Amino acid sequence: MSAIGYTIDSDKILTLTIDMPGQSANTMNGDFRTALSETAQKIKTDIDVLSGIIITSAKKTFFAGGDLNELYSVTRADAATFEHMVNSLKADIRAIETCGKPVVAAINGSALGGGLEICLACHHRIALDRDTIQLGLPEVTLGLLPGGGGTQRLPRMIGLEAAFPYLMEGKKVSPKAALKAGIIDALADSPDDMMTQARAFIRASPSSHQPWDQKGFRFPGGAPHHPAMAQKLAIAPAMLKQKTKGCYPAPERILSAAVEGAQVDYDNGDKIETRYFTELVVGQVAKNMTGTFWFQLNAIKAGESRPQGIEKASFHRVGVLGAGMMGAGIAYATATRGIEVVLKDVSTENATKGKHYSEGLLSKKVSRGRLAEKDKAATLARITATADASDLQDCDLIIEAVFEDSGLKANVTQEAEPKMASNGIFASNTSTIPISQLAKASARPDHFIGLHFFSPVDKMQLVEIIVGEQTSDDTLARAFDYVQQIGKIPIVVNDSRGFFTSRVFGTFVNEGVAMLGEGIHPSSIENAGLLAGMPVGPLAICDEVSLTLIQHIRDQSRKDLEAAGKAWKAHPAEAVVDTLVNEHGRKGKAAGGGFYDYPASGKKSLWPSLESLFVDQARAKNTSLQDLKDRILFIQAIETVRCLEEGVLRTVEDANIGSIFGIGFAPWTGGAIQFINQYGVRAFVERAKVLEDSFGERFAAPALLLEKAETDTLFT
Ligand code: NAI
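Residues numbered from 1 in each chain as written. Predicted model: local features only at pLDDT ≥ 70, side-chain atom pairs only at ≥ 80, totals over all residues. Heavy atoms only, no water.

Caption draft 1: Fine view of the domain arrangement of the protein chain. Structurally, the protein chain comprises domain 1 (4-282), domain 2 (317-497) and domain 3 (502-647 + 651-711). Once you take the C-alpha centre of each, domain 1 and domain 2 turn out to be 44 Å apart. (Domains from an automatic or database assignment.)

Caption draft 2: View of empty space enclosed by the protein. According to the stated counting rule, one finds 2 cavities of 30 Å³ or more in the structure shown. What lines the largest cavity is a set of 13 residues, and nearest its centre among them are Leu36, Ile55, Ile93, Ile96 and Ile118. At the level of secondary structure, the elements contributing two or more residues to the lining of the largest cavity comprise β2 (13-18), α1 (30-46) and α3 (79-97). Among the elements that make up the lining of the largest cavity, the one with the highest residue count is α3 (3 residues). Of the pockets and cavities examined, the second largest cavity occupies roughly 40 Å³. Lining the second largest cavity are Leu71, Tyr72, Leu144, Val281, Ala286, Lys287 and Thr290. Of all elements in the fold, only α2 (68-73) and α12 (284-301) reach the threshold of two or more residues within the lining of the second largest cavity. In terms of residues, the lining of the second largest cavity owes the most to one element, α12, which gives 3 residues. Grouping the amino acids of the lining of the second largest cavity by side-chain chemistry returns 5 nonpolar, 1 polar and 1 charged. (1 Å grid on protein atoms, 1.4 Å probe; cavity = no way out; pocket = protein on both sides within 12 Å on 5 of 7 lines; lining within 4 Å. Points joined across faces, edges and corners; volume = space filled by probe spheres on them. Helix = DSSP H or I, 4+ residues; strand = E, 2+ residues; numbered from the N terminus. Nonpolar A, V, L, I, M, F, W, Y, C, P; charged D, E, K, R; others polar.)

Caption draft 3: Region of the structure containing a positive patch on the surface. A cluster of basic residues, Lys364, Arg368, Arg370 and Lys459, forms a positive patch at the surface. On the secondary structure map, Arg368 appears in the loop between α14 (348-367) and α15 (373-381). (Patch = residues over 30% accessible without salt bridge, like charges linked within 9 Å, V, L, I, M, F, W, Y side chains within 5 Å. Areas by Shrake-Rupley, 256 points an atom, 1.4 Å probe, with all protein chains shown as cover. Salt bridge = Lys/Arg side-chain N within 4 Å of Asp/Glu carboxyl O. Lys, Arg positive; Asp, Glu negative; His and termini not counted. Charge placed at Lys NZ, Arg CZ, Asp CG, Glu CD.)

Caption draft 4: How the structure looks around the nonpolar core. With 188 residues, the main nonpolar core has Phe32 and Phe595 as its most contacted residues. The contact partners of Phe595, leaving out residues within four places of it in the chain, are Val513, Leu516, Leu539, Cys542, Asp543, Leu547, Val576, Leu580, Leu606, Trp607 and Leu610. (Core = buried A, V, L, I, M, F, W, Y, C linked by side-chain atoms within 4.5 Å. Buried < 20%, exposed > 50% of the residue type's maximum accessible area, 1.4 Å probe, protein only. Contact = heavy atoms within 4.5 Å.)

Caption draft 5: Spatial organisation of the site of the ligand. Around the ligand lies a shell of 22 residues, among which Met326, Asp345, Glu404, Lys409 and Ser431 are the nearest. A distance of 3.0 Å separates an oxygen atom of the ligand from a polar atom in the side chain of Asn429. The contact in question runs from an oxygen atom of the ligand to an N or O atom on the side chain of Ser431, over 2.7 Å. Summarising the interface, the protein chains cover 78% of the accessible area of the ligand, which totals 830 Å² for the free molecule. The leading source of residues in the shell around the ligand is helix α16 (residues 406-416), at 3 residues. Of the residues contributing to the shell around the ligand, the split by class is 10 nonpolar, 8 polar and 4 charged. (Near = heavy atom within 4 Å. Polar contact = N/O pair within 3.5 Å; in protein donor to acceptor, adjacent residues only side chain to side chain.)

Caption draft 6: Spatial organisation of the packing of aromatic side chains. Tallied over the full model, the rule gives 17 aromatic pairs. With 6.0 Å between their ring centres and 55° between their planes, Phe217 and Phe219 make a pair best called tilted. A residue is classified by how much of its surface remains accessible, and Phe217, at 27% relative accessible area, is partly exposed. Judged by centre distance (6.1 Å) and plane angle (85°), the ring pair of Phe675 and Phe684 falls under edge-to-face. According to the relative accessible area criterion, Phe675 is buried, its value standing at 3%. Given the relative accessible area of 0%, Phe684 is considered buried. Connected via pairs of aromatic rings, a cluster forms that spans Phe634, Phe665, Trp668, Phe675, Tyr679 and Phe684. The ring of Tyr6 carries Lys42 above its face, with NZ or CZ at 4.3 Å from the centroid. In this arrangement the basic side chain of Lys604 is found over the ring face of Tyr596, its NZ or CZ atom lying 4.7 Å from the centre. (Phe/Tyr/Trp six-rings, centres within 6.5 Å; stacked < 30°, edge-to-face > 60°. Lys NZ or Arg CZ within 6 Å of the ring centre and 35° of its normal.)

Caption draft 7: Structural context of helix α18 (residues 473-485). When the terminal C-alpha atoms of α18 are compared, their 18 Å separation across 13 residues agrees well with the 18 Å that a helix rising 1.5 Å per residue should span. Of the residues one or two after α18, Gly487 is the one with positive phi, at around 75°. (Expected span 1.5 Å × (residues − 1).)

Caption draft 8: A look at the environment of Asp192. For Asp192, the position within the fold is in helix α8 (residues 191-204). Linking Asp192 and Pro434, residues 242 residues apart in sequence, is a C-alpha distance of 59 Å.

Caption draft 9: Spotlight on α15. Burial in α15 covers these residues: Lys376, Thr379 and Leu380. Considered in projection along α15, the buried side chains sweep an arc of 95° and stay on one side of the axis. Turned more than 90 degrees off the buried face of α15, the exposed positions are Lys374 and Ala381. The elements touched by buried residues of α15 are α13 (325-335), α14 and β14 (383-386). (Arc of directions from axis to C-beta.)

Caption draft 10: Main features of the state of the cysteines. Taken as a whole and judged by the stated rule, the model has 0 disulfides. Here Cys99 stays free of any disulfide, with the sulfur of Cys122 as its closest cysteine sulfur at 10 Å. Take Cys542: it sits in no disulfide, and the sulfur closest to it among the cysteines is that of Cys643, at 19 Å. What makes Cys542 buried here is its relative accessible area of 1%. (Disulfide = S-S within 2.5 Å.)

Caption draft 11: Local environment of the pattern of salt bridges. All told, the structure shown has 45 salt bridges when counted by the stated rule. A salt bridge links Asp270 to Lys90, with the shortest nitrogen-to-oxygen separation between them at 3.4 Å. In this pair, Asp270 is assigned in helix α11 (residues 266-282) and Lys90 in helix α3, connecting sequence segments 180 residues apart. Its relative accessible area of 6% is what places Asp270 among the buried residues. Among the ionic pairs, Asp481 bridges to Lys312, the shortest N-O distance being 4.0 Å. One end of the pair, Asp481, is in helix α18; the other, Lys312, is in the loop between α12 and β12 (317-321), and 169 residues separate them in sequence. A residue is classified by how much of its surface remains accessible, and Asp481, at 2% relative accessible area, is buried. Residues joined by salt bridges that share partners form a network here, namely Arg94, Glu97, Arg153, Asp213 and Asp267.

Caption draft 12: The arrangement of the environment of Ala567 in detail. Topologically, Ala567 is positioned in the loop between α22 (547-563) and α23 (573-584). With 311 residues separating them along the chain, Ala567 and Ser256 place their C-alpha atoms 56 Å apart.

Caption draft 13: Representation of the sheet that holds strand β4 (residues 52-57) within the structure. The strand order across the open sheet formed by 6 strands is β1-β2-β4-β6-β8-β11, and the pairing between neighbours is mixed. Pairing within the sheet leaves two strands with one partner each, and these edge strands are β1 (4-8) and β11 (186-188). Adjacent strand axes in the sheet meet at a mean angle of 20° when their direction is disregarded. Across 6 bridges, β2 lies against β4 in parallel orientation. (Pairing = 2+ DSSP bridges. Axes fitted to C-alpha atoms, helices over the stretch in contact; angles between N-to-C directions.)

Caption draft 14: The arrangement of the packing of helix α19 (residues 501-517) against helix α26 (residues 625-645) in detail. Running from amino to carboxyl end, α19 crosses α26 at an angle of 150°, the nearest separation of the two axes being 9 Å. Overall, the two elements α19 and α26 adopt an arrangement that is roughly antiparallel. In this structure, α19 crosses over α26, and the sense of that crossing is right-handed. Along the contact surface, α19 presents Arg503, Val504, Thr507, Phe508, Glu511 and Met515, while α26 presents Leu628, Arg631, Ile632, Ile635, Gln636, Glu639, Thr640, Arg642 and Cys643. (Parallel < 35°, antiparallel > 145°, perpendicular 65-115°, else oblique. Left-handed = near helix turned anticlockwise from the far one by under 90°.)

This is how it looks when you write it as structure tokens:
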């Protein structure tokens, strides 16, 4: 069976129905290319008996886009073959586009990437008016570009400037928004209505051509040489670099493809696009991003780290203890997914304040037109704010988010547990206390687990699930199901101080602070963090977390280590933090200032006294930016390997996804372990040795890394 159905009806209308055999969604792979090429040939033969063409799909979605398995496997050695293959696919699309007869896209479901590009090649686009349908070109989010003509057709359709957010940020829209933006031409109420409208367009336009294939075509919004556009384009690369910090080749190549392509005719523009596309496809950053954001994330979503053979759980009533910053956020994340929440604090007043947090977030959505007032009311009605523990009756999960105090956590556990449904599970949102230690307060430690959310809960997608010594597989599976039920990404780690994310995060901030202690200029440190690809500089993030919390965690860790009879190795960052807090009262952002000053109005700026207190002019001048950037990424990657080695981390997937979604580890690398793989494992160890010799033994490669380097084997 061909991947593209070909039927001509009595009105001489040819309907092409894309229906790739053996796949749930249509993708642009070898089968599709063969079918498309045959279809283009048949159309050429039949052209005189055709009145027009409708392209639609037999799947639930219209078309999912490029075949990522195929793209992922293309190597540098394949570049020329790949480029040729893409150009011939585009020639087939182009042959249909320029056949002279009207071509209509009947978009019955989401059309993403290559799928939307097929639609853009049609003369008229009608989509089913459903808010669940997404239209967009998300290639950039995987380090790629829309290589099926998207960088050429979309700007010619809606203008360069209007096209940029779709091309360079991967913006996706509903059919309604796409109509408003000029990406589609009409909406349909039903599949029948869609086909009726498609036929009407064909009847009304016996011959049809794209605007850009007609004489006198004027670029909407101005071509690149138009003075107003030329002025904007002159600064566009600099503005883009400010966002990408030079870490992401894809948006840069997209800008080039669109602007260079806009200065030549369509066919040459298409060729320019293919060259940039090929460069990205064979490049390392696309491999990093596709590998992690597509393959590894999908593996996690498919339950790779969930124990097998346990029935999927569904949660109906969740108790949240503590309605502070985290508890209020967890209540919101749970209630918005249709689950009832009992939000308990020491007083009804506190609990109600926690519920107000949800009200604030929901009201914002209503005012932006993204939520109906009745849905807001329904979500709020699901949250019971209370000070009475007996309201926790029948909860199938209780999450504790009270102050970070073992004694208090033990009390609330013992108070709440008996109220829980008979097979319920109990979770702690502690950020530092070992789960096995907290589980001692539980009557059923096998039902006890860690669910480490990140702040702000409504925005942060990751939840780190911590398995205690006695946590059962059944409890883990159910905790995993809950995290997925609220639409978040679970990673699973074993119990240890700081778990995985906080441990690695600690190495990042400590490294930045240590640099200041060495006399390096604070703005060089912050810039190095950003240029390495971290979302925020290490000093700025210290202020957000608060320097006193950093001191507190460090003191607690030292106490525990010494109690276990082990010696504490002081980190060079400690003295710097102590100087700021103890001598200058600079405790962080919430306390008014830390490494930065926070004026009541205006932007934050580095505290000027850092210069006289710490900066060594000679050292500051002789600093290599590469050293600073490497130190920031290497120290985190090395700590991640230690977590793998110690069994805190169970999989490379969890390491990569957890590092990016939990602590913002530079996304261009594909995560803390993929950073090592793409650097070259042996080369990484060699560079780590140089850093160790220059900056301290914390850069020493762990045994697992040395072992891999011996044979230059990738972490998998
Ligand atoms: P918070 O101070 O904002 O809230 C704690 C809440 O617990 C307060 O509303 C307090 O009234 C309530 N509480 C105290 N005793 C209680 C009791 N007996 N019964 C019910 N409620 C009681 O603290 P936050 O920041 O929300 O942290 C809560 C937990 O989450 C801590 O264990 C913390 O380590 C952890 N965590 C915090 C993160 C953060 O970024 N703040 C991130 C991840 C975890």
